[in-house]
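Chain by chain, the residues:
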Amino acid sequence: AHAKQVAILPAPCEAVGLWHAQAHEWLLQSNNRFWIGIKDDEYPARLLDLKDPPLILFGEGNRDLLNCRAVAMVGSRNATRAGIGNANGFAQAICKAGWVVISGLAEGIDGAAHAGALHAGGGTIAVLGCGPDQVYPKHHAGLRKHILDSHGLVLSEYPPGTAPQPAFFPRRNRIIAALSDALLVVEAAMRSGSLITARVASQLGRPVAAIPGSIHSSQSKGCHDMIKKGAMLVETAQELLEEARATLPDSKIEYGTAGTPGAALGAPVTEEASQADLTPDMKRILTMLDTTAQHADLLGQEAGLGADETLAALTELELLGLALGESGNRWLRANGVF
């Protein structure tokens, strides 16, 4: 009988050589890629506040964003429609004020935060729980490309070729917390990785805030618990930014200044610009919408429209960021509350 073959792992020095070769090849494929070591002058000083800062950062995109004042936004992957709308709206407001939005490119709140930043023509940093060449979740490949095309930044402590692993995401969260000048939890259940991120940010002395939600929603329980324990309750982005300015390092710059490309991205999409293309049906429905959710049937009756016409108008308004749909076919106005 043949002797049983045993798989032999490479020795540590061989393994380091393997990832170094792969990372070097990845680096040479684009002049938009880089790596920064912990001893380099360009290494973000904020990360040195961690007990275990990453030894190397692999990045693709605009590394100047690491010098900009920034707010981290995190929350549930299984977000509600209201949570998605809040994340998008707060991210837009934060970016319009000249701050960068940091998040983790995950499902739910993370994706909405990145999308809101891009919609406002602002800067955003996606910190990954995998190699910088990987996409997780897969359907965020388009969002990742949009971030890079819009002078954003994709960042990871894991070398190219590293697949996502469950244990990588909690470690990724410490980088999100440390890079930020303030952290906002938009929506979170009681047992959520977002609460761990908030705890790290608090230990590092960053202002930590949470958005309150319905007492009946499980996705608000984590935020409410944070607020009970001392996190700042915020209803507007301005409240959080005022708090963040009080502890902002002098080295942090406003996005759009000192070489950052904010001014080159063009004007953000405003409500006035969006409303210029509204149809009569859409304008009629928009006047009926309020910050309190209403059923689509009631909106249609008040606007004198049929069910199909009402749903079509609401869908178009949602795509423009002017309406927000909740469960049960209930709708509310999305602008003017941030």
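Residues numbered from 1 in each chain as written. Predicted model: local features only at pLDDT ≥ 70, side-chain atom pairs only at ≥ 80, totals over all residues. Heavy atoms only, no water.

## A word on the overall build of the chain
Moving on, step 1. The helix and strand inventory of the chain stands at twelve helices and twelve strands.
Moving on, step 2. Here the chain holds 338 residues, and 50% of them are scored as buried.
Moving on, step 3. A sequence separation of at least 24 residues applies to 71% of the contacts in the chain between residues at least 6 apart.
Moving on, step 4. Counting every atom, the chain has about 16300 Å² of accessible surface; 54% of that belongs to carbon and sulfur. (Helix = DSSP H or I, 4+ residues; strand = E, 2+ residues; numbered from the N terminus. Buried < 20%, exposed > 50% of the residue type's maximum accessible area, 1.4 Å probe, protein only. Contact = heavy atoms within 4.5 Å. Areas by Shrake-Rupley, 256 points an atom, 1.4 Å probe, with all protein chains shown as cover.)

## Side note on the sheet that holds strand 2 (residues 56–61)
Moving on, step 1. Ordered in space as 1-2-6-5-4-3-7-8-9, the nine strands form an open sheet in which the pairing is mixed. The open sheet is flanked by strand 1 (33–37) and strand 9 (232–233), the only strands paired with a single partner.
Moving on, step 2. In this structure, strand 4 (residues 100–103) lies alongside strand 5 (residues 124–127), joined through three bridges in parallel fashion. Bridge pairing in strand 5 places I102 opposite I125.
Moving on, step 3. In this fold helix 2 (residues 81–96) packs onto strand 3 (70–74), strand 4 and strand 7 (182–185), with an angle of close to 175° to the strand it touches most, strand 3. (Pairing = 2+ DSSP bridges. Axes fitted to C-alpha atoms, helices over the stretch in contact; angles between N-to-C directions.)

## Some remarks on the packing of aromatic side chains
Moving on, step 1. Counted under the stated rule, the structure contains four aromatic pairs.
Moving on, step 2. Between W26 and F58, the ring centres sit 6.5 Å apart and the planes meet at 75°, which makes this aromatic pair edge-to-face. One end of the pair, W26, is in helix 1 (residues 12–28); the other, F58, is in strand 2, with 32 residues separating them in the sequence.
Moving on, step 3. When the ring of Y158 is compared with that of F168, the centres are 4.1 Å apart and the planes differ by 25°; the resulting orientation is stacked. (Phe/Tyr/Trp six-rings, centres within 6.5 Å; stacked < 30°, edge-to-face > 60°.)

## A look at the confidence of the model for the chain
Moving on, step 1. Residues with a pLDDT of 70 or more make up 85% of the chain, whose mean pLDDT is 86.
Moving on, step 2. Low pLDDT, under 50, characterises residues 1–6; the predicted model gives this stretch zero contacts beyond four residues in sequence or across chains.
Moving on, step 3. Across residues 263–270, confidence stays below pLDDT 50; counting only partners more than four residues off in sequence or on other chains, it has 13 contacts. (pLDDT = per-residue confidence, 0-100.)

## Quick word on helix 7 (residues 221–228)
Moving on, step 1. Every buried residue of helix 7 is accounted for by G222, C223, H224, D225 and M226.
Moving on, step 2. Summarising the contacts, the buried residues of helix 7 are in contact with strand 7, helix 6 (193–203) and strand 8 (208–210).

## With respect to unusual backbone geometry
Moving on, step 1. Going from Y136 to P137, the amide bond is cis rather than trans, its omega being -5°.
Moving on, step 2. Phi is positive for L105, which is not a glycine, with a value near 60°.
Moving on, step 3. By the element assignment, L105 lies in the loop between strand 4 and helix 3 (109–119).
Moving on, step 4. Looking at L105, the relative accessible area reads 0%, which means it is buried.
Moving on, step 5. Its identity is not glycine, yet H151 carries a phi of approximately 65°, on the positive side.
Moving on, step 6. Checked against the element boundaries, H151 lands in the loop between helix 4 (141–149) and strand 6 (153–156).
Moving on, step 7. Among the residues examined, H151 registers a relative accessible area of 37% and is labelled partly exposed.

## Some points on the nonpolar core
Moving on, step 1. Formed by 37 residues in total, the largest nonpolar core has its most connected members in I125 and L183.
Moving on, step 2. One finds V71, A120, V234 and A237 within the second-largest nonpolar core, a separate group that totals 24 residues. (Core = buried A, V, L, I, M, F, W, Y, C linked by side-chain atoms within 4.5 Å.)

## Regarding the packing of helix 2 against helix 3
Moving on, step 1. Remark: helix 2 packs on helix 3, axes separated minimally by 7 Å, with the N-to-C direction vectors making an angle of 35°. Crossing of helix 2 over helix 3 shows right-handed handedness. Packed against helix 2, whose contacting residues are G83, I84, A87, N88, A91, Q92 and C95, the element helix 3 presents I109, A112, A113, A115, G116, A117 and H119 at the interface.
Moving on, step 2. The residue makeup of the contact of helix 2 with helix 3, split by class, is nine nonpolar, five polar and no charged. (Left-handed = near helix turned anticlockwise from the far one by under 90°. Nonpolar A, V, L, I, M, F, W, Y, C, P; charged D, E, K, R; others polar.)

## Side note on the packing of helix 3 against helix 4
Moving on, step 1. Their axes nearest at 11 Å, the elements helix 3 and helix 4 cross at an angle of 35°. Our pair here, helix 3 against helix 4, has a crossing hand that is left-handed. Residue-level inspection shows G111, H114, A115 and L118 of helix 3 in contact with helix 4, the latter providing L143, H146 and I147.
Moving on, step 2. Partitioned by chemical class, the residues of the contact of helix 3 with helix 4 number four nonpolar, three polar and no charged.

## So, helix 2
Moving on, step 1. Helix length check: helix 2 (16 residues) gives 23 Å between terminal C-alpha atoms against 22 Å at 1.5 Å per residue, within 8%.
Moving on, step 2. Listed as buried for helix 2 are G83, G85, A87, G89, F90, A91, Q92, I94 and C95. (Expected span 1.5 Å × (residues − 1).)

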